[in-house]
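Observations on the three-dimensional arrangement
Here are the chains, one letter per residue:
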Amino acid sequence: MSTDPCEIKLKRVPSRKRSRDGVRSHLTPKKNVSSSETPAGEEELKTYFEDPESLFGSVDMKRKPAFLSSPPQYCSDHEDLFGDYDSILGDCSFMARLEDVEQDAKRQSTEKALEGSSAVDQGWGGGLRSSSPAFGALKTAGDHSRTTCGEGHAESDTMSGLNNKLHEDIPSSQSVFQQEVFTGTERGDTSTPVEKATGEHHIPDGSAERQGPKPHARWSMTDRMKRAMLENASAPSPSISKLAAWKEAVMTEEMDAAANTVQTVSSEIDLGPFYGLPTKVKDLIANLRGIKELYDWQKTCLTLDSVQQRRNLIYSLPTSGGKTLVAEILILKELLCRKRDALLVLPYISLVQEKVRGLAGLGLELGFLVEEYAGSKGRYPPVKRRNKKSLYVATIEKAHSLVNSLVELGRLESVGLLVVDELHMLGEGSRGALLEMTLAKVLYISKSTQIIGMSATLSNVEDLQRFLKADNYTSDFRPVQLVEYVKLKDTIYEVHPQEDDCFQFSRVLNFKYSSSMQKVDPDHIIALVTEVIPAHSCLLFCPSKKNCENVASMICKYLKKDFLLHREAEKAVLLQELRSSGGGALCPVLQATVPFGLAYHHSGLTNEERKLVEEAYTAGVLCLLTCTSTLAAGINLPARRVILRSPYVAMDFLKRSQYKQMIGRAGRAGIDARGESILILQEKDKLLVKQLVSSPMESCYSQLMHDNGKGVHSLILSLVGLKIARTLEQIREFVLGTLLNVQESHTCPERKLWDITQDSLEFLRQKGLLKVSKDCENNLVLEVTSLGRATYKGSIDMTYCDILYRDLSKGLDSLMLNSLLHLVYLVTPYDMVSQCKPDWMIFFRQFSSMTAAEQKMASGVGVPESFVARKAAGQTLLSYNHIKLITDPTVAARLYLALVLFLLVKENSLWSVANRFQLSRGFVQSLLSSASAFCSCVLHFTEELEEFWAYKALLTELTRRLTYCVRAELIPLMEVAGVLEVRAKQLYNAGYKTLSHLANADPSLLVQTIQNLSRKQANQIVASAKMLLTEKAEALQEEVNDLLALPPDLPSF
């Protein structure tokens, strides 16, 4: 038997059902111990109970008695009395030993009792008044065995030897008996209750001791302990001692503090080692993104005090530094650890769609929903989900509407995290004003919502910090080194912004130009691109869309024929897909450039063409894109070399932020060791370019005053409508929390902000959107009119809200329902009219092909056939009587655009419609997207006005048709992110006719069945379909739960 000294540790196991084999220890009794066997260590056991300090010492209790040091043995199910708890027994039957010790102690107690009753009194007060009750004092309330004073004396002697401190952490269910012992001893009762048949049982002095114990009058200690353990297993758990009570009080206080922290700071649950997330998240990021290790700055940012304490944060890095991954990890922590929704705001629809596709796989694996809010997609208010949390991915416009709907229902607190990508968009016109309004409302209403802003480096980030009450983290990290160059004539100079002469000679171009090539390519573009393609990728930014196409065509004419052989088969497939996307039509420029591995990229492409070109470039099939500056702000397409054809965008000189965005695409992480940017400049622009490359970033300023203060008008209208602020004082308080107030001295230096606010209130009142009334206390309060409510709920521009109301009212008088033309006209965006001048001959031909009912409708809106005929003939707008015609040119131009949309809704291909109206297919695509979004806005506008009830059903269906413009059976497939018309037709013809078919498809089979579909695309399509199907199923389940739920205000009597 080992007698090595060691500490005695009593292990407590949670009370849940589990296998006993996993928790065996040296304290577990051995199996099938015969009562006839003499256990080893008998004398040590007796000494241990009578005087534990004799074994352990009064100070250092590290040595265990031999009976506690025996090898682990196993107990039988009969002996394991605690069930789900560990038994505190030795290497033989603890109960048998306890019985022996009890009998010995009782015999000694009886002998002492014969000497006098004083010994009895001493025994009663022995171990039972200890501040920490002994383990051996267990009892049950139902134990009514008779006993004598001598027996009680023996029991107290037995239990007085037990060491209290060694047994503080006993199972809590055993504490009831001890609590009753405490109560009993406080009253002076014995440790064993006395049966009360006829009142209280009185014991004559010394009679019990002289009579001796009666064997049938009491249970043995073993039986009593067994019964106590069994009965206490289901008993409540009162405090065991003063120390335990104190610990419980401290724990309660800490839990209360934690509960408050949950509501005000964080309710985070640590799920694993990956920044509080399970390792599964790290594995998913590695598998889905190919990212196996974070950059040092990302690790630092994720462990900032701002992140840990949930303070607002702005972090700024150069383009391609990995900002998005940090935001995604923080979003996952919010969804999984804190169990709250999150909102991600992105600047463009294409970025929203890309992000929804990219996050669908993570959502399916980790159990959260990804909901798209872009264009006409998105539900207001969002479904309130009980089980799963949602990530809303939204454009700036949709995020503003989403926040308004949550504020109206008092659910903004459900959004725990708001992430804004490209925070510098705060300074971008009307979209910046909407973003500022959204952030200001969240700051004012939901104090528990954390705001994270990502941006390129800004010169006045301090202003944004004050506005958002945020900390700032900045780094100049780039995963790939970027070297900047400029080219002047045939010489390349390296840029050193910190030097006095920032252009330092690097090399002279070594490319032999013929005289004809020199005339066609004076800027040596061919020499610059052929240094990197086709082995590496290159982006060539041009100042205009037309220049993109011309430069791509020019380069192809002088490339060697070897370029045609590079990935020839894949380029042939790309041409076939481009032709299919156009319904058999193919752009002649792309037809000539794609075989050489070149293409152009600008807003003139359709959505399908743009998607095909981007995927081909990412895969390396295309090695050179000639593009406009919009590519730099959109989807991430990195390159080995970035060339800027000119320091101009259209006629405007480049801004520092635009320049940094463009050159930031240079360098592909994990592929290139370095990236290069080359800006081609002329001698006349040399000084301006020096300022461009060495100047700080532009400042970001509030846009609430943009376009004569439209932002202020919209802000105040929504504040009153949402009941965020209804008095002048409340409006003043809110306005003080805007970025406009922070930058008041710069944005409105001539007038005070409060004067501007009061002028805005007067403007809204005169326009019929606000009214002033009095409350019950005779105080002036502001209220929105029905038109005002419809305006802010529909997100209608105040410039057009009264015009829209007039058009809709007029439409009710003679609404044409045998054709969609009238409805399409009513939802044609007003702001698109100025971007297109009608071709009057085309207009007249289209007008002549209209039905009689459609021509009557046109006359009803103010465009008679005679007007169009005179314009087509080149006549003036004056009649023969020199009276100006009543037709408004803007109304006529709007009808012209409505005819374009009308043909698209009738399922004509975009290419054919663009050719018929002599418009670029990119403009037609943009018109269609704007119309579907505006139709959704008009729908919400009419829902708030009772007189327009008839429009609701009509506009709901029209929104769907404008969004997709395909046969009805293809719409469920096109709802999936990444599935456009051509792909939807392929899937439908292959038998995948519903969303359920697609969600349950095998990606491997899809690749084999669908032509030109990669495995990555198949995985994304299936994941997006599963996510959308789950989202719809969850929404229906929530409706069912709401229907079946007991009404909270159910009358009761």
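Only a predicted model underlies this, so the values are computations on that prediction, with no experimental measurement involved. (Residues numbered from 1 in each chain as written. Predicted model: local features only at pLDDT ≥ 70, side-chain atom pairs only at ≥ 80, totals over all residues. Heavy atoms only, no water.)

Some words on the overall build of the protein chain
Check the secondary structure of the protein chain and you find 47 helices and 19 strands. In the protein chain, which comprises 1053 residues, the share counted as buried stands at 51%. Once local pairs closer than 6 in sequence are excluded, the contacts in the protein chain between residues at least 24 apart make up 73%. As displayed, the protein chain has an accessible area near 49,700 Å², and 52% of this comes from carbon and sulfur atoms. (Helix = DSSP H or I, 4+ residues; strand = E, 2+ residues; numbered from the N terminus. Buried < 20%, exposed > 50% of the residue type's maximum accessible area, 1.4 Å probe, protein only. Contact = heavy atoms within 4.5 Å. Areas by Shrake-Rupley, 256 points an atom, 1.4 Å probe, with all protein chains shown as cover.)

Some words on the pairing of strand E6 (residues 450-455)
Burial of E6 is extensive: 6 of the 6 residues sit out of reach of the surface. Because side chains alternate across E6, one face comprises the buried residues Gln450, Ile452 and Met454, and the other comprises Ile451, Gly453 and Ser455, equally buried. Of the pairings in the sheet, the one linking strand E5 (residues 415-420) to E6 comprises 4 bridges and is parallel in character. Residue pairing across strands places Leu418 opposite Ile451, the latter belonging to E6. In the classification by handedness, the crossover that spans E5, the intervening helix H16 (residues 429-445) and the parallel E6 is right-handed. (Pairing = 2+ DSSP bridges. Right-handed = clockwise from strand over helix to strand, strands pointing away.)

Remarks on the sheet that holds strand E4 (residues 390-394)
The sheet built from 7 strands is open, its strands ordered E3-E4-E2-E5-E6-E1-E7 with parallel pairing. Two strands lie at the open edges of the sheet, namely strand E3 (369-373) and strand E7 (470-474), each paired on one side alone. With direction set aside, neighbouring strand axes in the sheet form an average angle of 15 degrees. Seen against the sheet, helix H14 (residues 349-366) touches strand E2 (341-345), E3 and E4 and runs at an angle of roughly 170 degrees to E3. (Axes fitted to C-alpha atoms, helices over the stretch in contact; angles between N-to-C directions.)

Section: the environment of Ile525
Topologically, Ile525 is positioned in helix H19 (residues 525-530). Here the alpha-carbon distance between Ile525 and Arg645, two residues 120 residues apart in the chain, equals 8.0 Å. Beyond its immediate chain neighbours, meaning those up to four positions away, Ile525 contacts Tyr513, Leu540, Val551, Ile555, Arg645 and Ile680.

A closer look at helix H41 (residues 921-943)
Helix length check: H41 (23 residues) gives 33 Å between terminal C-alpha atoms against 33 Å at 1.5 Å per residue, within 8%. Along H41, 17 of the 23 residues are buried, which leaves the element largely enclosed by surrounding structure. (Expected span 1.5 Å × (residues − 1).)

Considering the nonpolar core
If you look at the biggest cluster of nonpolar residues, it comprises 123 residues, and the most contacted ones within it are Leu343 and Leu439. Considering each element in turn, this core owes the most residues, 14 residues, to helix H39 (residues 889-905). Residues in contact with Leu439, not counting those within four places in the same chain, are Leu418, Val420, Leu423, Leu426, Ile451, Phe467 and Leu468. (Core = buried A, V, L, I, M, F, W, Y, C linked by side-chain atoms within 4.5 Å.)

A closer look at the pairing of strand E18 (residues 770-774)
If a strand is regular, its side chains alternate between the two faces of the sheet. In the sheet, E18 pairs with strand E19 (residues 780-784) via 5 bridges, with the strands oriented antiparallel. In the sheet register, Lys771 faces E19, and the bridge partner there is Glu783. Joining the antiparallel neighbours E18 and E19 is a turn of 5 residues, in which Asn778 adopts a positive phi near 65 degrees.

Here we look at the sheet that holds strand E17 (residues 674-681)
Backbone-to-backbone hydrogen bonds pair the strands of a sheet. The strands run either parallel or antiparallel. Here 8 strands make up an open sheet; going across it, the order is E10-E9-E8-E17-E14-E11-E13-E12 and the pairing mixed. Only two strands of the sheet have a single neighbouring strand rather than two, namely strand E10 (503-508) and strand E12 (598-601). Neighbouring strand axes in the sheet, compared pairwise and without regard to direction, differ in orientation by 25 degrees on average. For E12 and strand E13 (residues 624-627), the ladder comprises 4 bridges, and the chain directions are parallel. When the sheet's bridge partners are listed, His601 is paired in E13 with Cys627.

Here's the deal with the packing of aromatic side chains
Per the stated rule, a full pass over the model turns up 19 aromatic pairs. Consider the rings of Trp297 and Tyr315, whose centres lie 6.0 Å apart with planes at 40 degrees: the pair is tilted. Separated by 18 residues along the polypeptide, Trp297 in helix H11 (residues 296-302) and Tyr315 in strand E1 (residues 312-316) bring together distant segments of the chain. Residues Trp840 and Phe867 carry aromatic rings whose centres are separated by 5.8 Å and whose planes lie at 85 degrees to one another, so their mutual orientation is edge-to-face. (Phe/Tyr/Trp six-rings, centres within 6.5 Å; stacked < 30°, edge-to-face > 60°.)

Regarding unusual backbone geometry
For the peptide bond that leads from Tyr380 to Pro381, omega is -10 degrees, which places it in the cis range. Here Pro381 is to be found in the loop between E3 and E4. Note the cis peptide between Ile533 and Pro534, where omega equals 5 degrees. Tracing the backbone shows Pro534 in the loop between H19 and strand E11 (538-541). Not every positive phi belongs to a glycine, and Ala650 is a case in point at roughly 60 degrees. Positionally, Ala650 belongs in the loop between strand E15 (648-649) and strand E16 (652-653).

Focus on the packing of helix H36 (residues 840-848) against H39
Where H36 meets H39, the axes come as close as 11 Å, and the angle between the chain directions of the two elements is 60 degrees. Judged by the inter-axis angle, H36 sits oblique to H39. H36 and H39 meet at a crossing whose hand is left-handed. For the pair formed by H36 and H39, the contact residues are Trp840, Ile842, Phe843, Gln846 and Phe847 on the first element and Ala892, Leu895, Tyr896, Leu899 and Leu903 on the second. A per-class count over the contact of H36 with H39 returns 9 nonpolar, 1 polar and no charged. (Parallel < 35°, antiparallel > 145°, perpendicular 65-115°, else oblique. Left-handed = near helix turned anticlockwise from the far one by under 90°. Nonpolar A, V, L, I, M, F, W, Y, C, P; charged D, E, K, R; others polar.)

Side note on the side chain of Ser702
Looking at the element boundaries, Ser702 is found in the loop between helix H27 (686-694) and helix H28 (706-721). There is a polar contact of 3.4 Å between the side chain of Ser702 and the backbone nitrogen of Leu704. (Polar contact = N/O pair within 3.5 Å; in protein donor to acceptor, adjacent residues only side chain to side chain.)

Some details on the pattern of salt bridges
On inspection of all chains with the given rule, the structure shows 38 salt bridges. Residue Arg674 is joined to Glu676 by a salt bridge in which the shortest nitrogen-to-oxygen separation is 3.4 Å. Residue classification places Glu676 among the buried residues on the basis of a relative accessible area of 13%. Measuring nitrogen to oxygen at the nearest pair gives 3.2 Å for the salt bridge that ties Glu981 to Lys985. Here Glu981 pairs with Lys985, and both are found in helix H44 (residues 981-989), just 4 residues apart, close to one helical turn. A residue is classified by how much of its surface remains accessible, and Glu981, at 27% relative accessible area, is partly exposed. A single network of salt bridges, built from pairs that share partners, joins Arg507, Glu531, Arg641, Arg674 and Glu676. (Salt bridge = Lys/Arg side-chain N within 4 Å of Asp/Glu carboxyl O.)

Some words on the confidence of the model for the protein chain
With 74% of its residues at a pLDDT of 70 or more, the protein chain shows a mean pLDDT of 80. Note on residues 180-217: pLDDT under 50 across the span, and 49 contacts to partners over four residues away in sequence or across chains. (pLDDT = per-residue confidence, 0-100.)

Description of the packing of helix H13 (residues 323-337) against H14
One can describe the packing of H13 onto H14 by two numbers: an axis separation of 13 Å at closest approach and a directional angle of 35 degrees. At the point where H13 passes H14, the crossing takes the right-handed sense. Between H13 and H14, the residues in contact are Thr324, Glu328, Leu332 and Leu336 and Lys355, Leu359 and Leu366, respectively. Class assignment of the residues belonging to the contact of H13 with H14 gives a composition of 4 nonpolar, 1 polar and 2 charged.

Let's talk about a nonpolar patch on the surface
On the surface, Val1040, Leu1043 and Leu1044 cluster together to form a nonpolar patch covering roughly 350 Å² of accessible area. Assignment of secondary structure puts Leu1043 in helix H47 (residues 1015-1044). (Patch = residues over 30% accessible without salt bridge, like charges linked within 9 Å, V, L, I, M, F, W, Y side chains within 5 Å.)

Quick notes on the environment of Glu698
Secondary-structure assignment places Glu698 in the loop between H27 and H28. With 43 residues separating them in the primary sequence, Glu698 and Lys655 have C-alpha atoms 7.8 Å apart. A distance of 2.5 Å separates the side chain of Glu698 from the backbone nitrogen of Arg656, its partner in a polar contact. A distance of 2.9 Å separates the side chain of Glu698 from the backbone nitrogen of Ser657, its partner in a polar contact.

Considering the side chain of Ser446
Mapped onto the elements of the fold, Ser446 is located in the loop between H16 and E6. The class for Ser446 is buried, based on a relative accessible area of 2%. At 2.5 Å, the side chain of Ser446 and the side chain of Thr449 are in polar contact.

Re the environment of Ser657
Position of Ser657 among the secondary structure elements: in helix H26 (residues 656-663). When its relative accessible area of 26% is taken as the criterion, Ser657 is described as partly exposed. A C-alpha to C-alpha distance of 8.9 Å links Ser657 and Thr457, two positions 200 residues apart in sequence.

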